[in-house]
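These are the residues of each chain, in order.
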Amino acid sequence: MSSAVPQGYRRIDDHRVRENVGAGLHDFVVGQVIEHRPGRTVTETDHVMTLALTGNPAPIHSDVRFCWLLGRDRVLVCGMVTLGIVLGASIRTTSGLTTANLGLDELRLEHPVFVGDTLYAETEILQARQSQSRPEYGIVTCKISGFNQDHERVIAFQRTFFVPADAESVRHTTNY
């Protein structure tokens, strides 16, 4: 006898379930807000590696004495770290099946982030429609916001991306 399938999974056979990744066009409801978990604590490694990968030389991100002389007791985490963590937190649920990002717009870094802060993401669905030029896809636009452990919004931006119009067909074809 088959057991129940946990929410967020689908049955593969009698004794196997597979986790769902991403969503299809018809899974998106305009106005819906999705809270993404788990949160992610920013590490020194996150910060230093991003500075190295981007070649960012700004002393506000790397020179504690510079920061101290300007009245700050620690360096600010680079905005690309904040963007990466918050955007990354939204991917599994919203666009795990995407084939293309179409845009990042209206990016605002609203509150400083420091090593040790824990970031949480949420996504508000702004628009979901079938692509006119590629009807096998939907185009989703959402507002993604990131909050720190004190519930202060640290980042907000809009993101537009393709999703499959028929997620189940893509999951079947790709074994996802």
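In what follows, the structure referred to is the one given above.
Predicted model, so just to flag it, every value in this text is computed and none were measured.

Draft legend 1. Molecular detail of the sheet that holds strand S3 (residues 33-41). Ordered in space as S3-S5-S6-S7-S4, the five strands form an open sheet in which the pairing is antiparallel. Each having just a single partner strand, S3 and strand S4 (101-109) make up the two edges of the open sheet. Adjacent strand axes in the sheet meet at a mean angle of 20 degrees when their direction is disregarded. The pairing of S3 with strand S5 (residues 118-130) spans six bridges and is classified as antiparallel. Residue pairing in the sheet places Val-33 in a bridge with Glu-124 of S5.

Draft legend 2. Expanded view of the side chain of Thr-123. With respect to the helices, strands and loops of the structure, Thr-123 is situated in strand S5. Residue classification places Thr-123 among the buried positions, given a relative accessible area of 0%. One polar contact links Thr-123 to His-36, side chain to side chain, over a distance of 2.7 Å. If near-sequence neighbours (up to four positions away) are discounted, Thr-123 is found in contact with Gln-32, Val-33, Ile-34, His-36, Ser-90, Thr-94, Cys-142, Lys-143 and Ile-144.

Draft legend 3. Broad picture of the pairing of strand S6 (residues 137-147). The buried fraction of S6 amounts to nine of the 11 residues, a majority that puts the element mostly inside the structure. Across 10 bridges, the pairing between S5 and S6 is antiparallel. Note that in S6 the partner of Ala-128 across the bridge is Val-140. In the sheet, S6 pairs with strand S7 (residues 153-164) via 11 bridges, with the strands oriented antiparallel. The residue bridging Lys-143 from the neighbouring strand is Gln-158, located in S7. With antiparallel pairing between neighbouring strands as the criterion, S6 and S7 make up a hairpin whose turn holds five residues, including His-151 at a positive phi of roughly 70 degrees.

Draft legend 4. Looking closely at the nonpolar core. Among the nonpolar cores identified, the biggest contains 25 residues, and Phe-28, Val-42, Val-86, Leu-119 and Phe-157 are the most heavily contacted of them. When contributions to this core are tallied by element, the ones reaching two or more residues are helix H4 (79-94), S5, S6 and S7. Beyond its immediate stretch of four places on either side in the chain, Val-42 contacts Val-77, Val-81, Ile-85, Val-113, Phe-114, Val-115, Gly-116, Asp-117 and Leu-119.

Draft legend 5. Just the environment of Ala-58, in detail. Tracing the backbone through its elements, the reader meets Ala-58 in the loop between helix H1 (44-54) and helix H2 (59-62). Residues Ala-58 and Asp-14, 44 residues apart in the sequence, show an inter-C-alpha distance of 56 Å.

Draft legend 6. Just the pattern of salt bridges, in detail. Tallied over the entire structure, the rule returns six salt bridges. Between Glu-19 and Arg-92 there is a salt bridge, with its nearest N and O atoms 2.8 Å apart. Note that Glu-19 is positioned in strand S2 (residues 16-19) and Arg-92 in helix H4, a separation of 73 residues in sequence. Given a relative accessible area of 45%, Arg-92 falls into the partly exposed group. A salt bridge links Arg-40 to Asp-46; the shortest N-O distance between them is 2.7 Å. Note on Arg-40: relative accessible area 37%, which makes it partly exposed.

Parameters and conventions
Residues numbered from 1 in each chain as written. Predicted model: local features only at pLDDT ≥ 70, side-chain atom pairs only at ≥ 80, totals over all residues. Heavy atoms only, no water. Pairing = 2+ DSSP bridges. Helix = DSSP H or I, 4+ residues; strand = E, 2+ residues; numbered from the N terminus. Axes fitted to C-alpha atoms, helices over the stretch in contact; angles between N-to-C directions. Buried < 20%, exposed > 50% of the residue type's maximum accessible area, 1.4 Å probe, protein only. Polar contact = N/O pair within 3.5 Å; in protein donor to acceptor, adjacent residues only side chain to side chain. Contact = heavy atoms within 4.5 Å. Core = buried A, V, L, I, M, F, W, Y, C linked by side-chain atoms within 4.5 Å. Salt bridge = Lys/Arg side-chain N within 4 Å of Asp/Glu carboxyl O.

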